[in-house]
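Per-entry structural report
Chain by chain, the residues run as shown.
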Protein chains: 2
Amino acid sequence: MSTGMTGREQPEAATENAERHLRADAQRNRERILEAATTLMATHGIDVPIDEIAQLAQVGVGTVYRNFPTKGALFEALLKARLQPLVVAARSAAGSGDPGDAFVTFVRKLTDEFADFKALADAMAAAGIDLSIAKHEISGELIAAVSELLERAQRAGRIRPDVTISDVSAMMAGLSHTDPSFMDPPQRQRCVALVCDSLLVGARSVLPRKKFAAAPPAPSRS
Amino acid sequence: MSTGMTGREQPEAATENAERHLRADAQRNRERILEAATTLMATHGIDVPIDEIAQLAQVGVGTVYRNFPTKGALFEALLKARLQPLVVAARSAAGSGDPGDAFVTFVRKLTDEFADFKALADAMAAAGIDLSIAKHEISGELIAAVSELLERAQRAGRIRPDVTISDVSAMMAGLSHTDPSFMDPPQRQRCVALVCDSLLVGARSVLPRKKFAAAPPAPSRS
DNA sequence: TACTATACGGAACGATGGTTCCGTTTGTCA
DNA sequence: TGACAAACGGAACCATCGTTCCGTATAGTA
């Protein structure tokens, strides 16, 4: 409710069915907008003002709203585009290689993706907001696909059997923190490694190094 | 910079040194404000509008600003009050009992506290914002105290030696997600247990149950 | 009880950001 | 090339929120 969108109907259902004879310039602009939004939402998340997107796309705000009836709709369109390949990747991973490795590799891939595209993390982290993307179609498919990976790894005895997909989702949500002071990329990789160790049966991986953090803090040198 | 506060000087340094002869009603109001802010920030985090705090305190906004020159100052005052006892607790924990248990117990306490008071999690999670609370005095002390707990547990061989205080902080920040759809209290406890398992040497705790999640998903019953 | 410094309330201000409106421009087609 | 629907741009609108200002009320005191 907080964004105050009205329920007014647009002349065309702009977000979905393909370009129903868009004028050439309109088509071009639509692509420009998506491109600009992708760029900006990758780093700034959902917080970028529409004006900035319009500016980067070299387009007026009106044009943005002609293509996407709402900021949320634009956001959702981007997420969909980002999530789709991940679902495909998850499904194909579920059919190949060692179940444990496949799961861990995919979790890593997912967290990397979250870090590369802050808007994804926003969607994950701020599911409470009325934009309510986090629990829809595509993301449901993604959860299902990851769930498949998880169960397969559990059947193979590689992941502790008491872990659930909810646990995995929650941990992933936690790891999606993109604030650099707590979660720069190397730090995130360490955390992912730790989390994976906690999920795997009898694993104790070598944590990836941060810049120059090597020696354990003042070991008693026994 | 984004809040647009001016650098104007207040007649009295309202936030700090005790009540320098406040009028009786003023004293009462100040307490009301703190109380209301605590209530609201516990559930809504830093996002509550000042107006709402004022309303709950049965006070005008002006009165709030007479006591705290800025929303950030009020926020900070609350955090300080919340953090102080935790620092004390951490220090006392560092001197008693099994080092591994002391560490784990305190981590649990900390995450519980974060969940009970969303503003704390906000401060942790949103360190990027210009309010810049997360890395000051008290929180520095807290980090130091936890660091002490960690190192003691590592010297005792209970925590893996390759884990750093940064890892712990990052994980804690991650676990501070308060969105209930990903992190309701039982879920958080499970995640904390998992994380602790990953930190501890050779631990594999029994995960706390969620409401009715019991059976592992289709075990092959070997 | 009258006086005054202190404190109060809440309207008003300014900034930000989503969304709409409408006069103007432009692609397309004949 | 002329005509017109489609599309454009961006000013304007509205809501939210932090903060300030100032006329009014009142606790404390003589």
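This report concerns the structure included in the present document. Keep in mind that what you see is a predicted model, and the values were worked out from it rather than measured. (Residues numbered from 1 in each chain as written. Chains lettered and ligands numbered in written order. Predicted model: local features only at pLDDT ≥ 70, side-chain atom pairs only at ≥ 80, totals over all residues.)

1. Some points on the overall build of chain A
Test applied: Secondary structure elements are defined from DSSP: runs of H or I of at least 4 residues count as helices, runs of E of at least 2 residues count as strands, and each element is numbered from the N terminus. Neighbour density around each residue's C-beta defines its exposure: 20 or more other C-beta atoms within 10 Å make it buried, 12 or fewer make it exposed, and counts between make it partly exposed, where C-beta atoms are placed from the backbone. Placing a C-beta atom from the backbone of each residue, one calls two residues in contact when those atoms lie within 7 Å.
On a plain count of helices and strands, chain A comes out with 10 helices and 0 strands. Considering chain A as a whole, with its 222 residues, one finds that 40% of them fall into the buried category. Considering only residue pairs separated by 6 or more positions, chain A has 65% of its internal contacts joining residues 24 or more positions apart.

2. As for the packing of helix α8 (residues 165-175) of chain A against helix α10 (residues 185-199) of chain B
Applied cut-off: A fitted line through C-alpha atoms represents every axis, and for helices the fit uses only the stretch in contact; the resulting angles, taken between N-to-C directions, go from 0 to 180 degrees. Angle categories are assigned with fixed cut-offs, so that under 35 degrees is roughly parallel, over 145 is roughly antiparallel, 65 to 115 is roughly perpendicular, and the rest are oblique. Each residue gets one of three labels, nonpolar for Ala, Val, Leu, Ile, Met, Phe, Trp, Tyr, Cys and Pro, charged for Asp, Glu, Lys and Arg, and polar for the others, Gly among them.
The N-to-C vectors of α8 of chain A and α10 of chain B enclose an angle of 80°; their axes lie 10 Å apart at closest approach. With respect to their mutual orientation, α8 of chain A and α10 of chain B come out roughly perpendicular. Residues Ser166, Asp167, Ala170, Met171 and Gly174 of chain A of α8 of chain A pack against Gln187, Arg190, Cys191 and Leu194 of chain B of α10 of chain B. Of the residues contributing to the contact of α8 of chain A with α10 of chain B, the split by class is 4 nonpolar, 3 polar and 2 charged.

3. Re the nonpolar core
Convention followed: Residues enter a nonpolar core if they are buried, belong to Ala, Val, Leu, Ile, Met, Phe, Trp, Tyr or Cys, and are joined to the set through C-beta atoms within 7 Å.
Formed by 118 residues in total, the largest nonpolar core has its most connected members in Leu149 of chain A together with Leu149 of chain B. In this view, Leu149 of chain B contacts Ala90, Ala93, Ala94, Ala102, Phe103 and Phe106 of chain B; residues no more than four positions away in its chain are not counted.

4. Digging into helix α8 (residues 165-175) of chain B
Counting buried positions along α8 of chain B yields 9 of 11 residues, so the element is predominantly enclosed. Buried within α8 of chain B are the following residues: Asp167, Val168, Ser169, Ala170, Met171, Met172, Ala173, Gly174 and Leu175 of chain B.

5. Describing helix α10 (residues 185-199) of chain A
Counted only if it meets this: Helix span is expected to be 1.5 Å times the residue number reduced by one.
Relative to the 21 Å expected for 15 residues at 1.5 Å per residue, α10 of chain A spans 21 Å between its end C-alpha atoms, a close match to the ideal helical length. A large share of α10 of chain A lies buried, amounting to 11 of its 15 residues. Among all positions in α10 of chain A, only Gln187, Arg188, Arg190, Cys191, Val192, Ala193, Leu194, Val195, Cys196, Ser198 and Leu199 of chain A are buried. Where the residues of α10 of chain A are buried, they touch α5 (99-116), α8 and α9 (180-183) of chain A together with α8 and α10 of chain B.

6. Considerations on the environment of Arg160 of chain B
Residue and element names in this part refer to chain B. Examined against the element boundaries, Arg160 turns out to sit in the loop between α7 (137-155) and α8. Residue classification places Arg160 among the buried residues on the basis of 20 C-beta atoms within 10 Å. For the pair Arg160 and Val201, spaced 41 residues apart in sequence, the C-alpha to C-alpha distance is 5.5 Å. Non-local contacts of Arg160, meaning those with residues more than four positions away in its chain, are made with Leu199 and Val201.

7. Some remarks on the environment of Val59 of chain B
Residue and element names in this part refer to chain B. Along the chain, Val59 falls in the loop between α2 (50-56) and α3 (61-67). You can call Val59 partly exposed: it has 19 C-beta atoms within 10 Å. Separated by 30 residues in the primary sequence, Val59 and Asn29 have C-alpha atoms spaced 7.2 Å apart.

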